[in-house]
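Structure assessment
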Amino acid sequence: MPLQDLVEYYNDRLGLEHRSSFRPFILEEGKVSGLFGPIRIDSLFMPLRQALKPTVIVGHAAQITVALHKPQYLYANEIETLLANNSVPATEFESIINFDRLCRTVHMLNYLTLSHLQGVLFLDVDPRHILGIKQDHGAYFEEVITQCGLETKNIIIVLTVSSQYARYYQELINGLENYRRRGYQIALKFDYLRQTSEAFELIANILPDYVSLSARSLEDRGLDDNLPARLQQLKTRVSSVGGQTILQQIDERKFDSLARNTGFDLVEGGYYRAIAFDYLSSPEPDHYGLNSSAF
């Protein structure tokens, strides 16, 4: 189906669901954007590379970019509909669910326009989205994927692990399992390894296909001599459940070295866009006292 037809299909669908003529998806110069209130959402795709051979791209992580957008005005009949339904105001979860679906649909439609992209696509899902849906997680988005001619097995659902949601971990695990039953792969994103034992327990319960950390977050928290050993332990635990490890947001060579020397599978970051790839043939001394030949 042509991209313009897909954009119109989803505009029509959301119009029926919300009983509105508001059309949130727009196609301009070959790119799809989504409108959510006063903001315009666009897609940015970050390549994920093999750590030991970063010229090989295995997939992309989708991120949103936002900009202000002029408001669209409601017709009189739409205002009456909203007023008639004001006894049932939208909950925070409903708003998050709508925003989450909008972003992922924008990403999926834009992914179709970039023929040079390859491999799997990583899509973040807000924990509140998972908690706000009681059953059939992934069903709505599966229709988007199918309509776009893709398969759920090539989509990675990414959950950011936060202590804020610790009391809801079982509900989150159940929701992720619903995604998995529909063929999606699962990734856990840790901002920082605070308690290794808690992270290991969550990995054992969810059995993720991927586990990622942010290099920037590691640096912001302060680097220590035990970091390489902790990362190696994480790599071992993830490998034991059949998963792969990712170090993202790598902006400096020392974190590229850290990823390779601790056995991480995949890397991502601005560092790889800024350098030539001949550095692998003559690696500089290790920043963390590790010798890559030992791994």
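Residues numbered from 1 in each chain as written. Predicted model: local features only at pLDDT ≥ 70, side-chain atom pairs only at ≥ 80, totals over all residues. Heavy atoms only, no water.

Considerations on the confidence of the model for the protein
Inclusion rule: The predictor rates its confidence in each residue with pLDDT, a number between 0 and 100. Note on conventions: DSSP H or I runs of at least 4 residues are helices, E runs of at least 2 residues are strands, and numbering of each starts at the N terminus. The contact rule is simple, with two residues in contact once any of their heavy atoms fall within 4.5 Å.
On average, residues of the protein score 80 in pLDDT, and 80% of them reach the 70 mark or higher. Confidence scores differ between elements of the protein, with helix 2 (residues 76-84) showing the lowest mean pLDDT of 44 and strand 10 (residues 266-267) the highest of 98. When the criterion is pLDDT under 50, residues 73-93 qualifies, and its contacts beyond four places in sequence or with other chains add up to 13 contacts. A low-confidence stretch, residues 279-295 stays under pLDDT 50, and its non-local contacts, those more than four residues away or across chains, total 29 contacts.

Observations regarding the pattern of salt bridges
Note the cut-off: Note on definitions: salt bridges are taken to be side-chain nitrogens of Lys or Arg within 4 Å of carboxyl oxygens of Asp or Glu. When accessible area is computed with a 1.4 Å probe and restricted to protein chains, residues below 20% of their type maximum are described as buried, those above 50% as exposed, and intermediate ones as partly exposed.
Enumeration over the complete set of coordinates arrives at 13 salt bridges. Residue Asp124 pairs with Lys189 through a salt bridge whose shortest N-O separation is 3.0 Å. Of this pair, Asp124 sits in strand 5 (residues 120-124) while Lys189 sits in strand 7 (residues 185-190), placing them 65 residues apart in sequence. Residue classification places Lys189 among the partly exposed residues on the basis of a relative accessible area of 21%. Here Arg216 ties to Asp251 by a salt bridge, and the two come within 2.8 Å at their closest N and O atoms. With Arg216 in helix 8 (residues 215-221) and Asp251 in the loop between strand 9 (244-248) and helix 10 (253-261), the pair connects residues that are 35 residues apart, well separated along the chain. Judged by its relative accessible area of 41%, Arg216 falls in the partly exposed class. Salt bridges here are not isolated pairs; linked through shared partners, they connect Glu8, Asp12 and Arg23.

A look at the side chain of Asn178
Summarising the element assignment, Asn178 is placed in helix 6 (residues 169-181). Accessibility expressed as a relative area gives 14% for Asn178, which makes it buried.

Things to note about the packing of aromatic side chains
How we decide: The rule is short: rings of Phe, Tyr and Trp, with Trp giving its six-membered ring, pair when the centres are within 6.5 Å, and they are stacked under 30 degrees, edge-to-face over 60, tilted in between.
The tally for this structure, following the rule as stated, stands at six aromatic pairs. With a centroid separation of 5.0 Å and 70 degrees between ring planes, the pair formed by Phe122 and Tyr210 is classed as edge-to-face. Of the two residues, Phe122 is situated in strand 5 and Tyr210 in strand 8 (residues 210-214); the sequence distance between them amounts to 88 residues.

Focus: the side chain of Arg40
For clarity, the threshold we go by: Two N or O atoms form a polar contact when they lie within 3.5 Å of each other; inside protein one atom must be a possible hydrogen donor and the other a possible acceptor, and for residues adjacent in sequence the pair counts only when both atoms belong to side chains.
Here Arg40 shows up in strand 3 (residues 39-50). A polar atom in the side chain of Arg40 sits 3.1 Å from the side chain of Glu28.

Concerning the environment of Leu14
With respect to the helices and strands, the residue Leu14 is situated in helix 1 (residues 3-18). In contact with Leu14, not counting residues within four places along its chain, are Pro24, Phe25 and Tyr140.

A few points about the pairing of strand 4 (residues 57-68)
We apply this condition: Should DSSP find at least two bridges between two strands, the strands are taken to pair.
Here strand 3 pairs with strand 4 via 11 bridges, running antiparallel. Bridging across to strand 4, Leu48 finds its partner in Gly59. In this structure, the hairpin formed by strand 3 and strand 4 is closed by a connection of six residues. Bridging between strand 4 and strand 5 involves three bridges; their strand directions are parallel. Residue Ala61 lies in a different strand from strand 5, and its bridge partner there is Phe122.

Observations regarding helix 5 (residues 139-147)
Along an α-helix, residues three or four positions apart point the same way, because every turn accommodates 3.6 residues. Filter applied, for reference: Arc definition: directions from the helix axis to the C-beta atoms.
Of all the residues in helix 5, the buried ones are Tyr140, Phe141, Val144 and Ile145. The arc that holds the buried residues of helix 5, viewed along the axis, is 140 degrees, so those residues lie on one side. A positive phi of about 80 degrees marks Gly149, the residue just after helix 5.

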